[in-house]
Amino acid sequence: MDCQTARKWMSPYLDSELETAKTFEISEHLRACECCRHRFDAERRVDEMVGARLKREAMPPEVWSTLRREVNRSHLLHRLRVPSVVAAAACLALFAMVYFKSGGSSPSRREAFQGEWALYVNEAPKAEEYISTDEIEAALKKEYGLSFSTSRKDTHGHPIEVIGARHVLFGSQPALELRLKCCGKVAVITAVHQADADKLPEDLRELTKSAAGRSVSENGVNVRVDSIGATEYFIASEHYLDGLVGVMKDGRA
Amino acid sequence: MAQRSAAEFLDLLEPIRDSVYRYAARMAWGDSQAGDIVQEAVMTAWREFDRYEANTNFKAWMFRILINSIYRLNKRVARHAGPQLDDVHQDLHVTMEREEAWSALLDGPEQLREMLDDRLVAALDRLGDDERQCLLLRLLEGFSYKEISAMLGMPMGTAMSHVHRARLKLREELASLAIEHGLLRESA
């Protein structure tokens, strides 16, 4: 093999894409020809440099985080076409409307809220809507950076029972709803990403401010909004919330 | 819309996310388009995920979609690249001394490699689109000529030629830079 032919095939040789006989011929030529051997070494090093330089370029974390969120959101929007799953947001929106007396909260509006709340707490979500008990902790931790505890020392001695958890749409935003019983009364904790909470309807956004770190009440229902990391969560129950405040924990550690 | 789980899709995507991003970054015509391209490609892949056959090469499948997104989005922006690198002819005129010096140079001190390193990306960006994409798919992402030809819809021999020409051009560009900096003597 002459130098011209060897150089013609050098690139596929570097890529290990040549048939055995041709590979052997080039190897033999490189053994014999110092000039081509230098050329081959240089090309290999340029390849290494290109590879090493470009492999330093990584996807910025914010791009990855946006992609994850968009895929998860699109999955949820597709999956959740059950009217009941919007109940948490609808109910809390009505709560906010009554609480803030937006649009002149009338007795009929208060009744509507009571009806909505009763429907909501008594609603029995379909079994397939609930994620398995094993998945609750993983979903809270992975997607929202939260964990939860029903230990009596965290709940001021109130007995807490987990009914289930499910992915829901909360004011058109993806959220995770944890349904509990505190001293026999239904309590609902709805976790939503901070960025999504900012896109909630105005009444709900107002509620996140007014009920931030404190309990507000209307028609016998208590609501409180807390946050851990980049997650906000709404706690709602007819029971006093003191026993429920310690349920959610920072799950990022 | 995919019926399969988002977690399954994201688990497959996560190990190749940097590959997807850097390929888009090198192939995008606009300055800040890589993020848009990646988002469009990933959401398209997610919508089509039911068509992906489990346990086949997810990276090759994802790259086919990515390449289509790049074609589509690049059409929307005006290209403002500088002049492309000239064609290099089979260069037996390069003397043995220069081959040896060039080879030794690449083995040389770290600052030299860093100097070339900085100019490497600019040189890559000055390759023709076909040459650049074939080189990146082969060198950086490890796809075979056969896979590249299927992804880009070109004969295997053409993909191989593009890789070869891209290597020659890069090599000459880097050697010229070294000569410019007095690190290599021009051959007689």
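This one's a predicted model, so the numbers in the text were calculated from it and none came from an experiment.

### Considering the overall build of chain A
- The secondary structure content of chain A amounts to ten helices and eight strands.
- For chain A, the proportion of its 253 residues judged to be buried stands at 52%.
- Only carbon and sulfur atoms are counted for the fraction: they give 51% of the accessible area of chain A, which is about 11700 Å².

### As for the overall build of chain B
- Within chain B, the secondary structure is distributed over nine helices and zero strands.
- Put simply, chain B runs from its N terminus to its C terminus through helices and strands in the order α-α-α-α-α-α-α-α-α.
- For chain B, the proportion of its 188 residues judged to be buried stands at 52%.
- Taking the intrachain contacts of chain B between residues at least 6 apart in sequence as the baseline, contacts between residues at least 24 apart amount to 76%.
- Entry remark: accessible area of chain B is about 8800 Å², with carbon and sulfur atoms responsible for 48%.

### Considering the side chain of R224 of chain A
All names here are of chain A.
- By the element assignment, R224 lies in strand β6 (residues 221-228).
- Within the structure, the side chain of R224 is placed 3.3 Å from the backbone oxygen of G213, a separation counted as a polar contact.
- Setting aside anything within four residues of it in sequence, one finds R224 in contact with A211, G213, R214, S215, Y233, F234, I235, L241 and V245.

### A closer look at the pattern of salt bridges
All names here are of chain B.
- The tally for this structure, following the rule as stated, stands at 23 salt bridges over all chains.
- Notably, a salt bridge pairs E131 with R165, separated by 3.4 Å at the nearest N-O pair. Linking E131 in helix α7 (residues 129-140) with R165 in helix α9 (residues 156-180), this pair joins segments that are 34 residues apart in sequence.
- For R165, a relative accessible area of 30% corresponds to the partly exposed category.

### Observations regarding the sheet that holds β6 of chain A
All names here are of chain A.
- Here six strands make up an open sheet; going across it, the order is β2-β3-β4-β7-β6-β5 and the pairing antiparallel. Both outer strands of the open sheet, β2 (160-170) and β5 (216-218), are each paired with one neighbouring strand and no more. The average undirected angle you get between the axes of adjacent strands in this sheet is 20 degrees.
- Where β6 lies against strand β7 (residues 231-237), seven bridges are found, and the strand directions are antiparallel. By the bridge assignment, D226 is partnered in β7 with Y233.

### Some words on the packing of aromatic side chains
- All told, the structure shown has twelve aromatic pairs over all chains when counted by the stated rule.
- Where Y13 of chain A meets F40 of chain A, the ring centres are 5.3 Å apart and the plane angle is 65 degrees; that geometry is what we call edge-to-face. Of this pair, Y13 of chain A sits in helix α2 (residues 10-14) while F40 of chain A sits in helix α4 (residues 34-54), placing them 27 residues apart in sequence. F40 of chain A carries the same exposure label as Y13 of chain A, and that label is buried.
- Measuring from centroid to centroid gives 5.3 Å for F63 of chain B and F143 of chain B, while their planes differ by 65 degrees, and the two rings are edge-to-face. Residue F63 of chain B is located in helix α4 (residues 58-75), and its partner F143 of chain B is located in the loop between α7 and α8 (145-152); the two are separated by 80 residues in the primary sequence. As far as burial versus exposure is concerned, F63 of chain B and F143 of chain B are alike and both buried.
- Among the aromatic side chains, those forming a connected cluster through ring pairs are F9, W46, F49, Y52, F58 and W61 of chain B.
- Sitting over the ring of F143 of chain B, K59 of chain B keeps its end group 5.4 Å from the ring centre.

### A few points about helix α8 (residues 133-144) of chain A
Residue and element names in this part refer to chain A.
- Helix length check: α8 (twelve residues) gives 16 Å between terminal C-alpha atoms against 16 Å at 1.5 Å per residue, within 8%.
- Turning to α8, the residues buried within the fold contact β1 (146-148), β2, β3 (173-182), β4 (185-193), β7 and β8 (248-250).
- Positioned one or two residues after α8, G145 has a phi angle of 65 degrees, which is positive.

### Some thoughts on the side chain of H239 of chain A
Residue and element names in this part refer to chain A.
- Tracing the sequence through the fold places H239 in the loop between β7 and β8.
- For H239, a relative accessible area of 12% puts it in the buried group.
- Discounting residues that sit within four places of it in the chain, H239 has contacts with H158, C182, C183, K185 and N222.

### What to know about the confidence of the model for chain B
Residues and elements named next belong to chain B.
- Per-residue confidence for chain B gives a mean pLDDT of 78; residues scoring 70 or more make up 69%.
- Low pLDDT (under 50) marks residues 89-96, which in the prediction has 17 contacts with non-local residues, meaning those over four places away or in another chain.
- Interface confidence for the predicted complex, given as ipTM, is 0.79, next to a pTM of 0.57.

### As for the environment of I163 of chain A
- Positionally, I163 of chain A belongs in strand β2.
- The residues touching I163 of chain A, leaving out its near neighbours within four places in the chain, are Y130, R179, L180, K181 and V186 of chain A.

### Here's the deal with the confidence of the model for chain A
All names here are of chain A.
- For chain A, per-residue confidence averages 81 on the pLDDT scale, and 86% of positions sit at 70 or higher.
- Confidence, expressed as mean pLDDT per element, reaches its minimum in chain A at helix α7 (residues 107-122) with 70 and its maximum at β6 with 92.
- Overall, residues 80-85 carries pLDDT values under 50, and its contacts beyond four positions in sequence, including any with other chains, amount to 14 contacts.

What counts and what doesn't
- Residues numbered from 1 in each chain as written.
- Chains lettered and ligands numbered in written order.
- Predicted model: local features only at pLDDT ≥ 70, side-chain atom pairs only at ≥ 80, totals over all residues.
- Heavy atoms only, no water.
- Helix = DSSP H or I, 4+ residues; strand = E, 2+ residues; numbered from the N terminus.
- Buried < 20%, exposed > 50% of the residue type's maximum accessible area, 1.4 Å probe, protein only.
- Areas by Shrake-Rupley, 256 points an atom, 1.4 Å probe, with all protein chains shown as cover.
- Contact = heavy atoms within 4.5 Å.
- Polar contact = N/O pair within 3.5 Å; in protein donor to acceptor, adjacent residues only side chain to side chain.
- Salt bridge = Lys/Arg side-chain N within 4 Å of Asp/Glu carboxyl O.
- Pairing = 2+ DSSP bridges.
- Axes fitted to C-alpha atoms, helices over the stretch in contact; angles between N-to-C directions.
- Phe/Tyr/Trp six-rings, centres within 6.5 Å; stacked < 30°, edge-to-face > 60°.
- Lys NZ or Arg CZ within 6 Å of the ring centre and 35° of its normal.
- Expected span 1.5 Å × (residues − 1).
- pLDDT = per-residue confidence, 0-100.

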